[in-house]
Amino acid sequence: MDIRPNHTIYINNVNDKIKKEELKRSLYALFSQFGQIVEIVALKTMKMRGQAFVVFKELASATNALRQIQGFPFYNKAMRIQYAKTDSDVISKMRGTFGDKDKKKDKKKKAQEQAASAAKKPAQGSTNVQTTSSQNQQAPDNPPNYILFLNNLPEETNEMMLSMLFNQFPGFKEVRLVPGRHDIAFVEFESEGQAGTARDALQGFRITSSNAMKITYAKK
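Residues numbered from 1 in each chain as written. Predicted model: local features only at pLDDT ≥ 70, side-chain atom pairs only at ≥ 80, totals over all residues. Heavy atoms only, no water.

- The name that an unreviewed UniProt entry assigns to the protein is U2 small nuclear ribonucleoprotein B''-like, with the source organism given as Acipenser oxyrinchus oxyrinchus.
- In its Subcellular location (unreviewed entry) section, the UniProt record describing the protein reads: "Nucleus". (UniProt positions renumbered as here; feature names shortened; annotations may be inferred.)

Now the structure itself:
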């Protein structure tokens, strides 16, 4: 029986030797390219080993992720992905179909408050975007190069995590970490143009909430 498409994807054949927190960070790095992630569930219990759930805010994001990441070699094991049998509680709560009527009323009231609050913020948000883009433009950079230099990386960054981020771009060749330095790395592409495309797309990408990745061309 086919499972109805929903916001939650179920992943199995996951390498169960990976620590829970690293696994969740790596799943986020891989799947966040498809859309906003609401929740990632990865438990290390015997029953749930080698499995994970990723909950997207939009159904289309879940569908694209399922199609494009199916069979991806994640920590040297091919991922098997399908829609979860039921949507997660998080999505049910967002829809207001979870719990009793009082919870629905609370949800509706909270949503109205958030909408009113959001209506007051657009100008501030656009200012932030402009500030970020101007910062990116003002950041000193070297002449175009097929090798990118990454800095401001979080301590838990590893080669697999960066490879998952950058191998979605054409021309990706390899990631090179610097021994003894967790905060910097190099990423090599086949051409300057391909490196530039990846640089522009991932500039400021947050691997963790507190670390916005800074990308420049490496010195020749």
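### Details of the overall build of the protein
Thought 1: Within the protein one finds seven helices and 12 strands.
Thought 2: When burial is assessed residue by residue, the protein has 38% of its 220 residues classed as buried.
Thought 3: Accessible surface, the protein as shown: approximately 13300 Å² in total, 50% of it carbon and sulfur. (Helix = DSSP H or I, 4+ residues; strand = E, 2+ residues; numbered from the N terminus. Buried < 20%, exposed > 50% of the residue type's maximum accessible area, 1.4 Å probe, protein only. Areas by Shrake-Rupley, 256 points an atom, 1.4 Å probe, with all protein chains shown as cover.)

### Description of helix α2 (residues 59-69)
Thought 1: Within α2 the residues assigned to the buried category are Ser-61, Ala-62, Thr-63, Ala-65, Leu-66 and Ile-69.
Thought 2: Of the surrounding elements, those touching the buried residues of α2 are β1 (8-12), α1 (20-31), β3 (51-56) and β6 (80-83).
Thought 3: Gly-71, located one to two residues past α2, shows a positive phi value of around 80°. (Contact = heavy atoms within 4.5 Å.)

### Considerations on the environment of Asp-16
Thought 1: In this structure, Asp-16 sits in the loop between β1 and α1.
Thought 2: Judged by relative accessible area, which is 28%, Asp-16 ranks as partly exposed.
Thought 3: A C-alpha to C-alpha distance of 4.8 Å links Asp-16 and Gly-50, two positions 34 residues apart in sequence.
Thought 4: Beyond its immediate stretch of four places on either side in the chain, Asp-16 contacts Lys-44, Arg-49 and Gly-50.
Thought 5: Among the polar contacts listed, one links the side chain of Asp-16 to the side chain of Arg-49, at a separation of 3.3 Å. (Polar contact = N/O pair within 3.5 Å; in protein donor to acceptor, adjacent residues only side chain to side chain.)

### Side note on the environment of Met-79
Thought 1: Tracing the backbone shows Met-79 in the loop between β5 (77-78) and β6.
Thought 2: For the pair Met-79 and Asn-15, spaced 64 residues apart in sequence, the C-alpha to C-alpha distance is 9.1 Å.
Thought 3: For Met-79, the residues in contact, after removing those within four places along its chain, are Ile-11, Asn-12, Leu-27, Leu-30, Phe-31, Ile-69, Gln-70, Gly-71, Phe-72 and Phe-74.

### Here we look at empty space enclosed by the protein
Over the atoms a probe the size of a water molecule is rolled, and this reveals where empty space is left.
Thought 1: One pass over the full model with this rule turns up one cavity of 30 Å³ or more.
Thought 2: Size it by volume and the largest cavity reaches roughly 70 Å³.
Thought 3: Every residue lining the largest cavity is listed: Val-14, Asn-15, Asp-16, Ile-18, Leu-23, Ala-42, Leu-43, Lys-44, Met-48, Arg-49, Gly-50 and Gln-51. (1 Å grid on protein atoms, 1.4 Å probe; cavity = no way out; pocket = protein on both sides within 12 Å on 5 of 7 lines; lining within 4 Å. Points joined across faces, edges and corners; volume = space filled by probe spheres on them.)

### A look at α1
Thought 1: The end-to-end C-alpha distance of α1, which contains 12 residues, comes to 16 Å, matching closely the 16 Å that a straight helix rising 1.5 Å per residue would cover.
Thought 2: Three or more residues of α1 are buried, namely Leu-23, Ser-26, Leu-27, Ala-29, Leu-30 and Phe-31. (Expected span 1.5 Å × (residues − 1).)

### Comments concerning the sheet that holds β1
Thought 1: Reading across the sheet, the four strands line up as β2-β3-β1-β6 and stay open at both edges, with antiparallel pairing between neighbours. Of all the strands in the sheet, the pair left with one neighbour each is β2 (37-41) and β6. Between one strand axis and the next, the sheet turns through 20° on average, direction left out of account.
Thought 2: Strand direction decides the pairing type here: β2 and β3, joined by four bridges, are antiparallel. Of the residues in β3, the one forming a bridge with Ile-40 is Val-54.
Thought 3: The strands touched by α1 within the sheet are β1, β2, β3 and β6, with β2 carrying the most contacts at an inclination of about 145°.
Thought 4: Strands β1, β3 and β6 of the sheet are contacted by α2, whose axis makes an angle of about 155° with β6. (Pairing = 2+ DSSP bridges. Axes fitted to C-alpha atoms, helices over the stretch in contact; angles between N-to-C directions.)

### Looking at the nonpolar core
Thought 1: Ile-9, Ile-11, Leu-27, Phe-31, Phe-56, Phe-74 and Met-79 are the most contacted members of the largest nonpolar core, which totals 27 residues.
Thought 2: Those elements that place two or more of their residues in this core are β1, α1, β2, β3, α2, β6 and α6 (159-166).
Thought 3: Core analysis: the next-biggest nonpolar cluster, separate from the first, contains 21 residues, Phe-166, Phe-169, Val-187 and Met-213 among them. (Core = buried A, V, L, I, M, F, W, Y, C linked by side-chain atoms within 4.5 Å.)

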